[in-house]
Amino acid sequence: MPLPVGALVIVRTFGNKRGEVIAISRDGRYQVRIEGVTMWCREEDLSVPAEPRKKKSAGDRPRRHILRVPRRARLRGGVPDTEHDQGPVAPSGRIDLHGLLVEEALARVIDEIDRSLLRGADRVEIVHGKGSGRIREAVHRQLASMSVVSAFQLDPGNAGVTWAHL
């Protein structure tokens, strides 16, 4: 089933996320854009949605939930889109960084974000602790540089936890 450029697809190997075909390579692979992220997929990794998504009129839209996020995150893409909910989402990822060096903590954060994306989770809870703030600052710098992170924020009830929204 060859897919044309512009076709809406579901990427099964990426947590059944919906995307759009933006290019086709000579070897039959498809470049797909999913929420601002592009990736190459084989045809067997893709499926066509059962029914096309319908556009909602302005009066039918649910209210957006506004997240308070650092300015850097707002400039990189802002608040995750809650209007186009894609059904059930996998449980949030969680990682505890207590007792780790900054380099180890960053490596574990990247690994957990990768695992959460593959599982289809929409956010990751990062427990860095309050302490000196070195790990928190390094984690926030890393999150701000990652295109798959749409926003991040400190937990309002616990300054030792950061939520990264994917």
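Note that this is a predicted model, so its numbers are computed, not measured.

A. Spatial organisation of the overall build of the chain. Across its full length, the chain holds 3 helices and 9 strands. Reading the chain from its N terminus to its C terminus gives the helix and strand order β-β-β-β-β-α-β-α-β-α-β-β. Relative to its full complement of 166 residues, the chain shows a buried share of 40%. The long-range fraction of contacts in the chain, counting pairs at least 24 apart against all pairs at least 6 apart in sequence, stands at 56%. Surface accessibility of the chain: about 10400 Å² in total, with carbon and sulfur atoms responsible for 50%.

B. Summary view of the nonpolar core. Formed by 33 residues in total, the largest nonpolar core has its most connected members in L97, I113, I126, L143 and V149. At the level of secondary structure, the elements contributing two or more residues to this core comprise β1 (8-11), β3 (30-34), β4 (37-41), α2 (102-119), β7 (123-127) and α3 (134-145).

C. Structural context of the sheet that holds β4. Pairing is antiparallel across the open sheet formed by 5 strands, whose spatial order is β4-β3-β2-β1-β5. The sheet terminates laterally at β4 and β5 (46-47), the two strands that pair on one side only. Across 4 bridges, strand β2 (residues 17-24) lies against β3 in antiparallel orientation. Bridging from a neighbouring strand, V21 pairs with V32 of β3.

D. Representation of the pattern of salt bridges in the model. Throughout the structure, instances matching the rule amount to 6 salt bridges. In this structure, D27 and R29 form a salt bridge, with 3.5 Å as the shortest nitrogen-oxygen distance. Overall, D27 belongs to the exposed group, its relative accessible area being 56%. The class of R29 is partly exposed, set by a relative accessible area of 34%. Between E125 and R94 there is a salt bridge, with the nearest N and O atoms lying 3.1 Å from each other. You can see E125 sitting in strand β7 and its partner R94 sitting in strand β6 (residues 93-96), a full 31 residues away along the chain. Residue class for E125 comes out buried when judged on its relative accessible area of 17%. Counted as one network, the salt bridges with shared partners bring together R42, E44 and D45.

E. Spotlight on α2. The end-to-end C-alpha distance of α2, which contains 18 residues, comes to 26 Å, matching closely the 26 Å that a straight helix rising 1.5 Å per residue would cover. Lining the buried residues of α2 we find β6, β7 and α3.

F. Just the packing of α2 against α3, in detail. The geometry of α2 relative to α3 is characterised by a closest axis approach of 10 Å and an angle of 40° between their N-to-C directions. By the criterion of interaxial angle, the relationship of α2 to α3 is oblique. For the element pair α2 and α3, the recorded crossing hand is right-handed. Residue-level inspection shows V102, A105, L106, V109, I110 and I113 of α2 in contact with α3, the latter providing R134, I135, A138, V139, Q142 and L143.

Rules of the game
- Residues numbered from 1 in each chain as written.
- Predicted model: local features only at pLDDT ≥ 70, side-chain atom pairs only at ≥ 80, totals over all residues.
- Heavy atoms only, no water.
- Helix = DSSP H or I, 4+ residues; strand = E, 2+ residues; numbered from the N terminus.
- Buried < 20%, exposed > 50% of the residue type's maximum accessible area, 1.4 Å probe, protein only.
- Contact = heavy atoms within 4.5 Å.
- Areas by Shrake-Rupley, 256 points an atom, 1.4 Å probe, with all protein chains shown as cover.
- Core = buried A, V, L, I, M, F, W, Y, C linked by side-chain atoms within 4.5 Å.
- Pairing = 2+ DSSP bridges.
- Salt bridge = Lys/Arg side-chain N within 4 Å of Asp/Glu carboxyl O.
- Expected span 1.5 Å × (residues − 1).
- Axes fitted to C-alpha atoms, helices over the stretch in contact; angles between N-to-C directions.
- Parallel < 35°, antiparallel > 145°, perpendicular 65-115°, else oblique.
- Left-handed = near helix turned anticlockwise from the far one by under 90°.

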